[in-house]
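What the coordinates show
Listed below are the residues making up each chain.
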Amino acid sequence: MSGERLTVRLAYQRGWQVVDGSTILQTFDTKEDAFQFLVDRGARVHLVWSRTVIGGQTAPFDFTAKFQDQRAGRIMKEHGKSVGIWSWFSGSSSGRVETRDEAVYAVERAYTRAVVKADYPK
């Protein structure tokens, strides 16, 4: 895994900012431009992660990612024959990896690239 993990945030009346910790790296007019900046740097957006809630109950080893109020992806630890493997989903992208950190990376990278349609045919 590689690539910076940067925050994209709405800057009131100034557009969108890309932030590394407390340092503003750059401000953009559109969210897509901010995400393109991440793609060009080989970076990924830092999503907000929480436990997945199904039927009012939190699911074990199951986490949901959001960007602002928009669902961005999900990771979950498999059981049964695939015990220990993590599945990840973001839009139409998905995969299976060995660790939770790899699954988080995959979702954040896939979501970052999907916002700017980086992997769509031109």
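Just so we're clear, the structure is a prediction, and the values are computed from it rather than from any experiment. (Residues numbered from 1 in each chain as written. Predicted model: local features only at pLDDT ≥ 70, side-chain atom pairs only at ≥ 80, totals over all residues. Heavy atoms only, no water.)

**A short note on the packing of helix H1 (residues 31-41) against helix H2 (residues 100-115)**
Two quantities define a packed helix pair, namely the angle between the axes and the distance from one axis to the other. Axis separation between H1 and H2 bottoms out at 8 Å; the angle between their running directions is 130 degrees. Between H1 and H2, the angle is such that the two are oblique. For the pair H1 and H2, the crossing hand works out as left-handed. Only Tyr 111, Thr 112, Arg 113 and Val 115 of H2 make contact with H1, whose side of the interface consists of Lys 31, Glu 32, Phe 35, Leu 38 and Val 39. In the contact of H1 with H2, the residues fall into five nonpolar, one polar and three charged. (Axes fitted to C-alpha atoms, helices over the stretch in contact; angles between N-to-C directions. Helix = DSSP H or I, 4+ residues; strand = E, 2+ residues; numbered from the N terminus. Parallel < 35°, antiparallel > 145°, perpendicular 65-115°, else oblique. Left-handed = near helix turned anticlockwise from the far one by under 90°. Contact = heavy atoms within 4.5 Å. Nonpolar A, V, L, I, M, F, W, Y, C, P; charged D, E, K, R; others polar.)

**Description of the layout of surface pockets**
Each pocket or cavity is described by its volume, and for the largest pocket that value is around 210 Å³. In terms of lining residues, the largest pocket is bounded by 14 residues, among which Ser 90, Ser 93, Ala 110, Ala 114 and Asp 119 are the most central. The set of elements that each furnish at least two residues to the lining of the largest pocket consists of strand S8 (86-90) and H2. For the lining of the largest pocket, the leading source of residues is H2, giving six residues. Tallied by class, residues from the lining of the largest pocket come to seven nonpolar, four polar and three charged. (1 Å grid on protein atoms, 1.4 Å probe; cavity = no way out; pocket = protein on both sides within 12 Å on 5 of 7 lines; lining within 4 Å. Points joined across faces, edges and corners; volume = space filled by probe spheres on them.)

**Describing the environment of Ala 114**
Considering the arrangement of structural elements, one finds Ala 114 in helix H2. In this structure Ala 114 comes out as partly exposed when scored by relative accessible area, which is 38%. With 36 residues separating them in the primary sequence, Ala 114 and Glu 78 have C-alpha atoms 25 Å apart. (Buried < 20%, exposed > 50% of the residue type's maximum accessible area, 1.4 Å probe, protein only.)

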